[in-house]
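# Commentary on secondary and tertiary structure
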Amino acid sequence: MASTISDASLALSAKIVIAGAFGVGKTTFVAAISEIPVASTEALMPVAAAPADDVSFARGKTTTTVAMDFGRIAVDDGLTLYLFGTPGQDRFWFLWDDLARGALAAIVLVDTRNLAASWPAIAYFERRGDIPFTVVVNLFDGQLTHELAEVRDALDLSPGIPLTTADARDRRDVREALRALIRHALNLLPSH
Amino acid sequence: MTRTYALHAPRRPSRVRPYGITRGRTAADRFLGVERLISTVEFDPQRVLGMLPETAAVYEACRYPRTIAELATGLALPLGVIRVLVGDLAAVGRVRIHPPAADIPDRHLLERVLRGLDNL
Ligand SMILES: Nc1nc2c(ncn2[C@@H]2O[C@H](COP(=O)(O)OP(=O)(O)O)[C@@H](O)[C@H]2O)c(=O)[nH]1
Ligand SMILES: [Mg+2]
């Protein structure tokens, strides 16, 4: 039996992480380019132990669910790219680890109205150091209200990290942000 | 153009200096990433009869390759449960865990993704 690149059993996948604070536009960004409606997976999280007087055995008492959104883009016949939005709650860092592991690259979305909310996400990828990332300002009102240099300074972004703008609702903007991300990842590869 | 705005956000303290981009990157291991594709090996409806419902659901769903994340969504089960079910099925050869597109993202893979994005 001849196998071709489109043989389903040979299908390959890769992922990109879309990170950022709650409400920064991650789901909107993924939905703008995904070929499937943005889906949500849930992970069961242990929460603080139930109080001693709680005799309930209900599962809901000891776990909570955290959603992460994802969308999908067919790269070619044999390769599908998945975009995963980080869970809104920054405290679930091990879920970030789960998502980031093996990722091609990551985008940290920021909102200039609350830059501080993006610090943990930027610090996370800086600290890892193994995943190429860019920072993208989501243009909520359709225009940049601050010079990018000011934003870069306020974020104390390393000069090597690209900083651009996008409208998370705009498919072409999202596509361009992803292309810029991949070009950045290519630039970081050791030359030979 | 005059800028009337001042950025009122405080400056983020203490940047961690980035280090080599491949340092710390480990080859793909047995960890099942949310993006990993799973497909059923030679689907046989007879086998479903002896399976627990959740196991059977994964076995049937993966007649077409699906990711761990898609299985969790489609079957409304937590990721951790899906990973256990897939691990059990893979251990007895009922499903195949596709390799990652690359152990470490390389030029070939990134260029392939870039071409795909160009063609969107
Ligand atoms: N006007 C405008 N609204 C946006 C934009 N991006 C996101 N939103 C809205 O902001 C809210 C939060 O966006 P969402 O994608 O859910 O953020 P997430 O929590 O990061 O996933 C939603 O109501 C979106 O419709 C944008 O670029 N412009
Ligand atoms: Mg969201």
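Residues numbered from 1 in each chain as written. Chains lettered and ligands numbered in written order. Predicted model: local features only at pLDDT ≥ 70, side-chain atom pairs only at ≥ 80, totals over all residues. Heavy atoms only, no water.

Going by the annotation in an unreviewed UniProt entry, the name recorded for chain B is DUF742 domain-containing protein, with Actinocrinis puniceicyclus given as the source organism.

Under the convention used in this document: UniProt positions are given in the numbering used here, feature names are shortened, and annotations may be inferred rather than shown by experiment.
Looking up chain A in an unreviewed UniProt entry gives the name ATP/GTP-binding protein, with the organism given as Actinocrinis puniceicyclus. Taken directly from UniProt, the Sequence similarities (unreviewed entry) text for chain A runs: "Belongs to the GPN-loop GTPase family."

## Observations regarding the packing of helix α3 (residues 68-75) of chain B against helix α4 (residues 79-91) of chain B
In a packed pair of helices, the relevant descriptors are the angle between the two axes and the axis-to-axis distance. Residues and elements named next belong to chain B. We count it as follows: Orientation is described by lines fitted to C-alpha atoms, with helices fitted over the stretch in contact, and by angles between N-to-C directions that extend from 0 to 180 degrees. Helix numbering and strand numbering both begin at the N terminus, where a helix is a DSSP run of H or I of at least 4 residues and a strand a DSSP run of E of at least 2. Throughout this description, any angle smaller than 35 degrees is read as roughly parallel, any larger than 145 degrees as roughly antiparallel, any in the 65 to 115 degree range as roughly perpendicular, and the remainder as oblique. Handedness of each helix crossing follows the sense of rotation of the near helix against the far helix: counterclockwise by less than a right angle gives left-handed, clockwise gives right-handed. Pairs of residues are marked as contacts when any of their non-hydrogen atoms sit within 4.5 Å. Three categories are distinguished: nonpolar for Ala, Val, Leu, Ile, Met, Phe, Trp, Tyr, Cys and Pro, charged for Asp, Glu, Lys and Arg, and polar for the others, with Gly belonging to the last.
Across the interface, α3 lies against α4 with an axial gap of 9 Å and an inter-helix angle of 115°. The orientation of α3 relative to α4 falls into the category roughly perpendicular. Along this stretch, α3 crosses α4, giving a crossing that reads as right-handed. Where α3 approaches α4, its residues Ile68, Ala69, Leu71, Ala72 and Leu75 are matched on the opposing element by Leu79, Ile82, Arg83 and Val86. Looking at the contact of α3 with α4 residue by residue, the classes come out as eight nonpolar, no polar and one charged.

## A short note on the site of ligand 1
Residues and elements named next belong to chain A. We count it as follows: A single heavy atom is enough: if one lies within 4 Å of a molecule or strand, its residue is considered near that molecule or strand. Whenever a nitrogen or oxygen atom comes within 3.5 Å of another N or O atom, the pair is scored as a polar contact, on the condition that within protein one atom can donate a hydrogen and the other can accept it, and that pairs from neighbouring residues in sequence are kept only if both atoms are in side chains. To be clear on the numbers: accessible area is Shrake-Rupley with a 1.4 Å probe, and residue cover counts the displayed protein chains and nothing else.
In the vicinity of ligand 1 there are 14 residues, among which Gly23, Lys26, Thr27, Thr28 and Asn138 approach most closely. Within the side chain of asparagine 138, one N or O atom sits 2.9 Å away from an oxygen atom of ligand 1. About the coverage of ligand 1: the protein hides 66% of its 580 Å² of free accessible area. Element by element, the count of residues in the shell around ligand 1 is highest for helix α1 (residues 26-33), at three residues. Here the shell around ligand 1 is built from residues that sort into six nonpolar, five polar and three charged.

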